[in-house]
Amino acid sequence: MGNKAKSNLTSSGMEIPDYVIDSIARSLLPVIRDFYETEEGKQSFKEWQERRDKTEEPNSD
């Protein structure tokens, strides 16, 4: 239930309107998607998952 005119306050104190954040995200998404469809991107993602899995603590349930 967010208001599109609502602004986000960054750590620098600047207000960034939601439409600017949406615009940047829409611009970056195709580039990010294209990267992760390449062999280099797939390998990078796999390495990241392995690093993440090593740092996660096992569930003690």
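Caption draft 1: Focus on the packing of aromatic side chains. For the coordinates displayed, the defined rule picks out three aromatic pairs. With centroids separated by 4.9 Å and ring planes inclined at 80°, the aromatic side chains of phenylalanine 35 and tyrosine 36 adopt a geometry described as edge-to-face. Of the residues examined, phenylalanine 35 reaches a relative accessible area of 30% and is grouped as partly exposed. Ring centres of phenylalanine 45 and tryptophan 48 lie 5.7 Å apart, and the angle between their planes is 25°; this geometry places the pair in the stacked category. Here phenylalanine 45 and its partner tryptophan 48 are both found in helix α2 (residues 39–55), three residues apart, which amounts to about one turn of the helix. For phenylalanine 45, a relative accessible area of 39% puts it in the partly exposed group.

Caption draft 2: Highlighting the pattern of salt bridges. Using the criterion set out here, one finds three salt bridges in the structure. Between arginine 52 and aspartate 53 there is a salt bridge, with its nearest N and O atoms 3.2 Å apart. Linking glutamate 56 and arginine 52 is a salt bridge whose minimum nitrogen-to-oxygen distance equals 3.7 Å. Ionic contacts of the salt-bridge type, sharing partners, join the residues Arg52, Asp53 and Glu56 into one network.

Calculation notes
In every chain, residue numbers begin from 1 and rise along the written sequence. Per-residue local features of the predicted model are confined to residues with pLDDT of at least 70, and side-chain atom pairs are confined, for both listing and counting, to 80 or more; whole-chain, interface and lining totals are unaffected and use all residues. Excluding hydrogens and water, the side-chain values take into account all heavy atoms of the structure. To pair, rings of Phe, Tyr and Trp, with the six-membered ring standing in for Trp, must have centres within 6.5 Å; the planes then decide the type, stacked if under 30 degrees apart, edge-to-face if over 60, and tilted in the middle. The cut-offs for exposure are 20% and 50% of the maximum accessible area for each residue type, with area from a 1.4 Å probe on protein chains only; residues under the lower value are buried, those over the upper are exposed, and the others partly exposed. Helix numbers and strand numbers start at the N terminus; a helix is a DSSP run of H or I with at least 4 residues, a strand a run of E with at least 2. Only one rule defines a salt bridge in this text: a Lys or Arg side-chain nitrogen within 4 Å of an Asp or Glu carboxyl oxygen.

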